[in-house]
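Read off the chains here:
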Amino acid sequence: MTYLVEEKDGFLLVHLEGDVDLSTSPEVRKLMLDCLRKKPQLLIDLSQVSYIDSSGVASLVEGYQLSKSQGSEFALIGVSEAARSVLQLARLDKVFPIYDSLAQRLQHGSI
Amino acid sequence: MTDQAFQAVIEVEDLVTYYGTRKILDRVNLSIRQGEVMVIMGGSGSGKSTLLRHLLALNKPASGSIRLYGKDIGKYSTRELQTLRKRMGVSFQNGALFNSLNVEDNVAFPLREHTQLDDNTIRIMSRMKLEVVNLAGFEELMPAQLSGGMIKRAALARAIVMDPDMLFFDEPSAGLDPVVSADLDELILKLREAMQVSVVVVTHELDSAFRIADRIIVLDKGKVLIIGTVDEVKNSDNQRVQNLLNRRAEDVEVDPEAYLKRLTENLAGL
Amino acid sequence: MQETKILLDICFPAQPDSLHEMRQQVADVLTSLGLSYDAWHPLVLAVDEASSNVIRHTYQFDGNHQIELKILLVDKTLIFRLHDDGDRVDTEKIIPKRRNQAKPGGLGLHFIHEIMDKTTLIDIQGEGNTLEMVKYLQGQDAR
């Protein structure tokens, strides 16, 4: 698993790539919590995620809840097929805000 | 009294029940005819188990009535109800078998409780029922030694040991694999043929419901969505019925906020 | 007589880092059966979640232990058998209750239960735990 963090159009974008599983989800969790400290408008790009397990999903849930409690935005973008099916299985596909891309998020209004 | 009502063994009229202030059943009407297999379906929380308890006269309606053999349950004396219950064989989902008793003693239990029969007679009757459910030769085994399917069949043998007029099953195929579940369905149909009993089955297994039902009642949030034959239910254009047939669609309807809260409550840092 | 085919019989270190390769092996076996991505991906997830549970809860991240994984095909039934040599696990903790809504930490079990047709913690004499997960390839709509 690799990641890349970038700031773009006022958002903090975290691109995740590869497998988010028991071996890598602690890293993803820490990365997200670190990012959230600045209360950013956080978008997690899952388009290159080839695999995600329940611990990865749990990290996303924790990040989302923390964002909500501090009143900042948290959304998933470009959810890959692998990630989508797992989110559906977790019945979380209706819980997270999900956009196809940053562009689609921008169409939904400014921050 | 119409012909149909005359043949009905149980009639439910405008049944309403509450659990605390929550309405569980809302004006349910249903009649169960002599010798028919009635399947009660619905998602979790639809009220199907509550309806079953009312059919067994275990719960008292808040309003409406339940008639057993044409007479209001409320008008039976306690003693009469006890006698009636002996004519009802029940196989509950979890109350399957006494773990401390072997198979034969499990099956014999109702006879020992409710009759003064000689023990030899009781044992022979029990073994006859074990024959019927294809468990001959397993009398001495303890429940822990049986497979899931065998446990269900033993429970079935116990349910019929008093030669009931009515048989009630709560989720008979829960936890069974499809092949074993199909076998159990066959057995239920065979018993109906042989004993001319009315059978009421609560299940959420569609395959099973379609195999055994003469009629199906579908409950949704305490209300009757439809009562009809297998074909009538399959061909229903009611969206909620179709959702149920296409299984789980309703289940997926979660309240996002509440779900997120459940997942994250009492966690450190949140 | 039903023929039992052993599709996979492996032993891997009980470490998070081993999961990737294990998943690859399971995926290879399942795709060679002709299963589509939609069919095999959940099965890989379930095996992965079960293995993660062993690593996390049974071994508590002590990576010196091993996990054995067997995949059997009996007629049209896939059997995934996961064995560890850890302390006995309470069945209640492993076998999720039906339609249990996911709770913190219970998401993995929820996945396993949703994906597989039957999950049993087999109680055999001897050391460790054997978790057996069953998937019927025919009549998948049976559940």
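Scope of this entry: the structure provided in the associated data block. Fair warning: this is a prediction, and the values are worked out from it, not measured in the lab.

On to unusual backbone geometry, then. Even without being a glycine, R91 of chain A presents a positive backbone phi close to 55°. The residue R91 of chain A is located in the loop between α3 (81-89) and β5 (98-99) in this model.

Residue and element names in this part refer to chain C. With nine bridges connecting them, strand β1 (residues 4-13) and strand β2 (residues 66-74) associate as antiparallel partners. Paired with D9 across the strands is K70, a residue of β2. Two elements, β2 and strand β3 (residues 77-84), share seven bridges in a ladder whose sense is antiparallel. Each residue of the ladder has a partner; that of I71, found in β3, is F80. Between β2 and β3, which follow one another and run antiparallel, lie two residues, and D75 among them has a positive phi close to 55°.

Our next topic: the packing of aromatic side chains. For the structure shown, the criterion picks out five aromatic pairs over all chains. When the centroid spacing of 4.6 Å and the interplanar angle of 45° are considered together, the rings of F98 of chain B and F109 of chain B count as tilted. Highlighted residues: F98 of chain B in the loop between β6 (88-91) and α4 (103-114) and F109 of chain B in helix α4, separated in sequence by 11 residues. On the numbers, 5.1 Å between centres and 80° between planes, the contact of Y37 of chain C with W40 of chain C is edge-to-face. Separated by three residues within a single helix, Y37 of chain C and W40 of chain C lie in helix α2 (residues 37-58), roughly one turn from each other. Y37 of chain C gets classed as partly exposed once you look at its relative accessible area, which sits at 27%. Three or more aromatic residues joined by ring pairs form one cluster here, namely Y64, F74 and F96 of chain A. Positioned above the aromatic ring of F210 of chain B, the side-chain terminus of K234 of chain B is 4.7 Å from the ring centre.

Below, the discussion takes up the nonpolar core. One recurring pattern in soluble globular proteins is that nonpolar side chains are buried together. By size, the foremost hydrophobic cluster in this structure holds 72 residues, and its most contacted members are I44 and L92 of chain A together with V26, L69 and F80 of chain C. Among the elements that line this core, the one with the most residues is α2 of chain C, at nine residues. Residues contacting L69 of chain C, with those up to four places away along its chain left out, are L8, D9, I10, F12, M22, V26, V47, R81 and L82 of chain C.

By the element assignment, E36 of chain B lies in the loop between β2 (22-33) and β3 (37-41). Here E36 of chain B falls in the buried class, since its relative accessible area comes to 6%.

Okay, the pattern of salt bridges next. Residue and element names in this part refer to chain B. Within the structure shown, the criterion is met by 28 salt bridges over all chains. Residue E13 is joined to R67 by a salt bridge in which the shortest nitrogen-to-oxygen separation is 3.4 Å. You can see E13 sitting in strand β1 (residues 8-19) and its partner R67 sitting in strand β4 (residues 63-68), a full 54 residues away along the chain. Using a relative accessible area of 21% as the deciding quantity, one classes R67 as partly exposed. Ionic pairing is found between R112 and D105, a salt bridge with its closest N-O pair at 3.2 Å. The class of R112 is partly exposed, set by a relative accessible area of 34%.

Here is what the cut-offs are and how they apply
- Residues numbered from 1 in each chain as written.
- Chains lettered and ligands numbered in written order.
- Predicted model: local features only at pLDDT ≥ 70, side-chain atom pairs only at ≥ 80, totals over all residues.
- Heavy atoms only, no water.
- Helix = DSSP H or I, 4+ residues; strand = E, 2+ residues; numbered from the N terminus.
- Pairing = 2+ DSSP bridges.
- Phe/Tyr/Trp six-rings, centres within 6.5 Å; stacked < 30°, edge-to-face > 60°.
- Buried < 20%, exposed > 50% of the residue type's maximum accessible area, 1.4 Å probe, protein only.
- Lys NZ or Arg CZ within 6 Å of the ring centre and 35° of its normal.
- Core = buried A, V, L, I, M, F, W, Y, C linked by side-chain atoms within 4.5 Å.
- Contact = heavy atoms within 4.5 Å.
- Salt bridge = Lys/Arg side-chain N within 4 Å of Asp/Glu carboxyl O.

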